[in-house]
Amino acid sequence: ARPVGQEEQIDGQTVQDFWDRGAGAAVLGTSLGVDSIVEFQTYTSTASSQFGGANGGINAVTRAGTNALHGSAYYFARNEVFDANPYFVPSTGKPAFERNQFGGTVGGPIKKNKMFFFVNYEGLRQTLGETPVVIAPNSAALTEATNYLNTLSPGSAAHANVQTVVNALQALPPLAAGAINLGNGTSQEVLDGNQSGVEHYVVGRWDYTVSSKDTVWFRSIYDHANLSEP
């Protein structure tokens with residue numbers, strides 16, 4: 001189904017954008033704020049009108065504070081020590097990988113039996129080594145372009161165009177020592193760079209019991225992330 005063919009709700013509010021990225025769908029591909037969810041419902045067939053006619057989806061409810069003070073704390077760590085070598089291993093060795101995911105929750109009473117609070121924070125820090133395989137012009141391409149340039153009349157349009165190509169080839173970074181010459185002026189090499197990501201995710205909730213039949217509550221979600229590609 002298309003991304004818009006399903007629904008994701010928190011406390012009855014749609015949190016999904018067009019490309020299926022909702023609150024808690026981290027930019028680094030990890031579900032955040034799980035400890036702030038008290039229960040959830042999944043449905044896979046025709047839904048009622050409250051879900052906007054979606055084919056299926058998830059409806060989650062955030063946790064509220066109670067008369068007892070409760071909390072939790074957690075920390076998960078991963079790194080490249082536990083990873084196998086990729087098929088293409090750069091000359092620098094196994095790509096770097098480090099993920100630190102940590103956070104905690106706390107909830108309790110502001111006024112017993114009447115007013116409650118709940119807060120969940122989760123942080124994510126990740127460094128991911130990437131090893132793209134690229135095909136780039138080599139010195140043979142520069143030599144061929146330079147030789148062709150010398151056959152052209154200075155000041156001509158062709159000379160100007162080829163000069164632009166020569167300048168671009170000269171500006172390219174040098175190929176690694178282990179680059180494989182493919183012929184036709186190109187070589188293949190494995191690059192090595194680190195992707196870095198940082199994310200902060202916060203859920204806050206305030207509840208007030210008006211009577212045995214009525215409650216008022218407020219919930220806020222803050223999600224901020226930075227992702228940098230090499």
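Residues numbered from 1 in each chain as written. Predicted model: local features only at pLDDT ≥ 70, side-chain atom pairs only at ≥ 80, totals over all residues. Heavy atoms only, no water.

J.: Even after reading the chapter, I still don't get the overall build of the protein chain, so can you show me in this structure?
T.: Secondary structure summary: the protein chain contains two helices and twelve strands in total. Its helices and strands taken in sequence order, the protein chain reads β-β-β-β-β-β-β-β-α-α-β-β-β-β from the N to the C terminus. Taken against the 2.2 N^0.38 rule, which gives 17 Å for 230 residues, the C-alpha radius of gyration of the protein chain at 28 Å runs more than 25% over that of a compact globule. The dimensions of the protein chain, computed from C-alpha atoms along their principal axes, are 90 × 40 × 35 Å. For the protein chain, the residues scored as buried account for 29% of the 230 residues in total. Long-range contacts, defined as pairs at least 24 residues apart, comprise 64% of the intrachain contacts of the protein chain with a sequence gap of at least 6. A total accessible area of about 14300 Å² is found for the protein chain, and carbon and sulfur atoms account for 55% of it. Averaging the locations of the 13 positively and 20 negatively charged side chains of the protein chain gives two centres separated by 15 Å. (Helix = DSSP H or I, 4+ residues; strand = E, 2+ residues; numbered from the N terminus. Rg over C-alpha atoms; globule rule 2.2 N^0.38 Å. Buried < 20%, exposed > 50% of the residue type's maximum accessible area, 1.4 Å probe, protein only. Contact = heavy atoms within 4.5 Å. Areas by Shrake-Rupley, 256 points an atom, 1.4 Å probe, with all protein chains shown as cover. Lys, Arg positive; Asp, Glu negative; His and termini not counted. Charge placed at Lys NZ, Arg CZ, Asp CG, Glu CD.)

J.: I would appreciate a short explanation of the environment of Q41 in the present structure.
T.: Structurally, the position occupied by Q41 is in strand β3 (residues 37-43). Judged by relative accessible area, Q41 falls into the partly exposed class, the value being 40%. Spatially, the C-alpha atom of Q41 lies 53 Å from that of G178, the residues being 137 residues apart in sequence. When neighbours within four sequence positions are excluded, Q41 is seen to be in contact with F51, G57, I58 and N59.

J.: Mind showing me how you'd approach the nonpolar core here?
T.: Counting seven residues, the largest nonpolar core consists of A141, A145, L149, L152, V162, V166 and L169. Not counting residues within four places of it along the chain, the set of residues in contact with V162 comprises A145, Y148, L149 and L152. Judged by nonpolar contacts, the second largest core, of five residues, contains L32, L124, Y201 and V203. (Core = buried A, V, L, I, M, F, W, Y, C linked by side-chain atoms within 4.5 Å.)

J.: Even after reading the chapter, I still don't get the confidence of the model for the protein chain, so can you show me in this structure?
T.: Detailed conclusions should not be drawn from predicted coordinates in areas where pLDDT is low. When the pLDDT values of the protein chain are averaged, the result is 86; 90% of them are 70 or greater. Ranking the elements of the protein chain by mean pLDDT puts strand β1 (residues 6-10) last with 81 and strand β6 (residues 97-111) first with 95. (pLDDT = per-residue confidence, 0-100.)

J.: Quick question: what am I supposed to make of the pairing of strand β7 (residues 115-130) here?
T.: Side-chain direction in a regular strand flips from residue to residue, so the side chains alternate between the two faces of the sheet. Bridging between β6 and β7 involves 14 bridges; their strand directions are antiparallel. Each residue of the ladder has a partner; that of G107, found in β7, is F118. Inspection of the sheet shows β7 paired to strand β11 (residues 193-209) by 16 bridges, in the antiparallel sense. Residue pairing in the sheet places T127 in a bridge with S196 of β11. (Pairing = 2+ DSSP bridges.)

J.: It is not clear to me how helix α2 (residues 157-171) should be interpreted in this structure. Could you clarify?
T.: Working note: α-helix, 3.6 residues per turn, so residues spaced by three or four point in the same direction. Taking 1.5 Å as the rise per residue, α2 with 15 residues should run 21 Å; its terminal C-alpha atoms sit 21 Å apart, in good agreement. Those residues of α2 that are buried are in contact with β8 (133-137) and α1 (139-150). (Expected span 1.5 Å × (residues − 1).)

J.: Please explain the packing of aromatic side chains as it appears in this structure.
T.: Aromatic ring pairs are reported here in terms of the distance separating the ring centres and the angle at which the planes meet. Counted by the stated rule, this structure contains three aromatic pairs. Look at Y74 and F76: their rings are 6.0 Å apart centre to centre, the planes differ by 40 degrees, and that puts the pair in the tilted class. Residue classification places Y74 among the buried positions, given a relative accessible area of 16%. The class for F76 is exposed, based on a relative accessible area of 51%. With a centroid separation of 6.4 Å and 50 degrees between ring planes, the pair formed by F102 and Y121 is classed as tilted. Taken together, the residues span a long stretch of sequence, with F102 in strand β6 and Y121 in strand β7 at a distance of 19 residues. Stacked on the ring of W217, the Lys or Arg R205 has its end atom at 4.5 Å from the ring centre. (Phe/Tyr/Trp six-rings, centres within 6.5 Å; stacked < 30°, edge-to-face > 60°. Lys NZ or Arg CZ within 6 Å of the ring centre and 35° of its normal.)

J.: Got a minute to help me understand the side chain of D207 in this structure?
T.: Tracing the sequence through the fold places D207 in strand β11. When its relative accessible area of 11% is taken as the criterion, D207 is described as buried. Engagement of the side chain of D207 in a polar contact is seen with the side chain of R205, the distance being 2.8 Å. (Polar contact = N/O pair within 3.5 Å; in protein donor to acceptor, adjacent residues only side chain to side chain.)

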